[in-house]
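Spelled out, the chains give:
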Amino acid sequence: MTSGALAPDLIADCAAAALREELVTFPKPGLVSFVDNGSHPDMSAADFLASIAAITPGFSAMAAAAGRGGSLRELQQIGCAAEEEMGAATGGRNTHRGAIFCLGLLAAAAGRRHLEGGRTLGEIVRRCWGPEIPQAADLPGTSAGIVLCRSHRLGGVRREAAEGFPTVYRHGLPAFASAMPHGRPAARVQAFFSILRHCEDTTLLKRGGPSGLEFAREAARQFLAAGGVASPHWLRTATELHRAFVARNLTAGGAADLLAATLFIADIRQRS
């Protein structure tokens, strides 16, 4: 292994740790945590833990493949196998499909980073695989996410990845770092709301339509405008928003995946 490279298993452990930390974060409006199941009566924290254990070897495989120059096609094949492991571990529940895509590409970038000079993980994804990532406009309508992106002219997570995860770098990471004086749990919440304010979350669109997406973005905007976690009442406000999302059956799975991506990138930065 080239000097300075992180071992694939270590990269996978960082990805798993980011997913566990995303799971423990509360309040994350509408999402599963150890406090409750949010707007997901069919899923629990135990399902997510089982899923994380099942998909972690896939992150190691992607990092190793990228380290030896693997193509996007090879990464996709590993990702599909990880999805099958997820389904087997959760009884068919889609706990981490988006995370396999996002963190899989970032784990691959981490595996290749020693060959890419001082580029960030996002830049590596954009440079090495971005042009090949199929966009919703070029794909048949084989999934709800693709149909929604096409009908509402959104790029969704595919464009986010192809462009090097700009929402993470422009909003998630700065919000996380700036809120760290309030403690890591609060910093995760701050990062989540900042991501929610700016990302194109097709899960929200699927659950609530354009009005649901706008409600979520406006809720995030107001939370941040009121000071976010610097406000003395932030926990109560965020918990009330969580209940409001559940009442509307809203959930922001895309924002959760990008929070995990934020935590992963921050960890890799610290280790490099």
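Preceding this section is the structure that the text describes.
What counts, and where the lines are drawn
Residues numbered from 1 in each chain as written. Predicted model: local features only at pLDDT ≥ 70, side-chain atom pairs only at ≥ 80, totals over all residues. Heavy atoms only, no water. Helix = DSSP H or I, 4+ residues; strand = E, 2+ residues; numbered from the N terminus. Core = buried A, V, L, I, M, F, W, Y, C linked by side-chain atoms within 4.5 Å. Buried < 20%, exposed > 50% of the residue type's maximum accessible area, 1.4 Å probe, protein only. Contact = heavy atoms within 4.5 Å. Expected span 1.5 Å × (residues − 1). Bend = angle between axes of the 7 residues up to and from the residue. Phe/Tyr/Trp six-rings, centres within 6.5 Å; stacked < 30°, edge-to-face > 60°. Lys, Arg positive; Asp, Glu negative; His and termini not counted. Salt bridge = Lys/Arg side-chain N within 4 Å of Asp/Glu carboxyl O. Axes fitted to C-alpha atoms, helices over the stretch in contact; angles between N-to-C directions. Parallel < 35°, antiparallel > 145°, perpendicular 65-115°, else oblique. Left-handed = near helix turned anticlockwise from the far one by under 90°. Nonpolar A, V, L, I, M, F, W, Y, C, P; charged D, E, K, R; others polar.

Caption draft 1: Inspection of unusual backbone geometry at higher detail. In this structure, the amide linkage connecting Phe-26 to the following residue, Pro-27, adopts the cis form with an omega of 0 degrees. The residue Pro-27 is located in the loop between helix H1 (8–24) and helix H2 (45–67) in this model. Despite not being glycine, Phe-165 shows a phi value in the positive range, around 60 degrees. Mapped onto the elements, Phe-165 comes out in the loop between helix H7 (156–162) and helix H8 (166–179). With a phi angle near 60 degrees, Asn-249 is a residue other than glycine that sits in the positive phi range.

Caption draft 2: Quick look at the nonpolar core. Core analysis: the largest hydrophobic core is formed by 77 residues, its most contacted members being Leu-103, Leu-106, Trp-129, Phe-193, Leu-196 and Phe-264. Not counting the four nearest positions on each side in its chain, Phe-193 is found in contact with Pro-27, Pro-29, Ala-220, Phe-223, Leu-224, Ala-238 and Leu-241. Leu-23, Val-32, Ala-45 and Phe-48 belong to the second largest nonpolar core, which has 5 residues in total.

Caption draft 3: Inspection of H2 at higher detail. The end-to-end C-alpha distance of H2, which contains 23 residues, comes to 33 Å, matching closely the 33 Å that a straight helix rising 1.5 Å per residue would cover. When the local axis directions of H2 are compared, the greatest deviation, roughly 35 degrees, occurs at Ile-55, which is followed within four positions by the proline Pro-57. Two residues or fewer past H2, Gly-69 is found with a positive phi of approximately 85 degrees.

Caption draft 4: Focus on the packing of aromatic side chains. Enumeration over the complete set of coordinates arrives at 3 aromatic pairs. Judged by centre distance (4.1 Å) and plane angle (25 degrees), the rings of Phe-193 and Phe-223 are stacked. Of this pair, Phe-193 sits in helix H9 (residues 184–198) while Phe-223 sits in helix H10 (residues 202–225), and the two are 30 residues apart along the sequence. With respect to class, Phe-193 is no different from Phe-223; both count as buried. Taken together, a centroid distance of 5.7 Å and an interplanar angle of 50 degrees make the contact between Phe-215 and Phe-245 tilted. With Phe-215 in helix H10 and Phe-245 in helix H11 (residues 234–247), this residue pair connects regions lying 30 residues apart in the sequence. The structure contains a cluster of three or more aromatic residues connected by ring pairs, namely Phe-192, Phe-193 and Phe-223.

Caption draft 5: Main features of the side chain of Glu-160. With respect to the helices and strands, Glu-160 occurs in helix H7. We note that Glu-160 is buried and unpaired, the nearest opposite charge coming from Arg-159 at a distance of 7.3 Å. Ignoring any residue separated from it by four or fewer positions in sequence, one finds Glu-160 in contact with Phe-165, Pro-166, Thr-167, Val-168 and Leu-258.

Caption draft 6: Here's a closer look at the environment of Leu-173. With respect to the element layout, Leu-173 can be found in helix H8. Judged by its relative accessible area of 7%, Leu-173 is buried. The sequence separation of Leu-173 and Ile-195 amounts to 22 residues, and the corresponding C-alpha distance is 9.3 Å. When sequence neighbours within four positions are dropped, the list of residues in contact with Leu-173 reads Val-168, Thr-262, Ile-265, Ala-266 and Arg-269.

Caption draft 7: Expanded view of the pattern of salt bridges. All chains considered together, the criterion is met by 12 salt bridges. For the salt bridge of Glu-116 with Arg-119, the shortest nitrogen-to-oxygen distance reads 3.0 Å. The partner of Arg-221 in a salt bridge is Glu-218, with the nearest N and O atoms 2.7 Å apart. Of this pair, Arg-221 and Glu-218 both sit in helix H10, 3 residues apart, which is roughly one turn of the helix. Among the residues examined, Arg-221 registers a relative accessible area of 33% and is labelled partly exposed. Through salt bridges with shared partners, a single ionic network connects Arg-112, Glu-116, Arg-119 and Arg-127.

Caption draft 8: Representation of the packing of H2 against helix H3 (residues 72–90) within the structure. At a minimum axis distance of 8 Å, the contact between H2 and H3 shows a crossing angle of 165 degrees. Considering the angle they form, H2 stands roughly antiparallel to H3. As H2 runs across H3, the sense of the crossing is right-handed. For the pair H2 and H3, the contacting residues are Asp-47, Ala-50, Ser-51, Ala-54, Ile-55, Gly-58, Ala-61, Met-62 and Ala-65 in the first and Glu-74, Leu-75, Ile-78, Gly-79, Ala-82, Glu-85, Met-86, Ala-89 and Thr-90 in the second. When grouped by side-chain class, the residues that make up the contact of H2 with H3 number 11 nonpolar, 4 polar and 3 charged.

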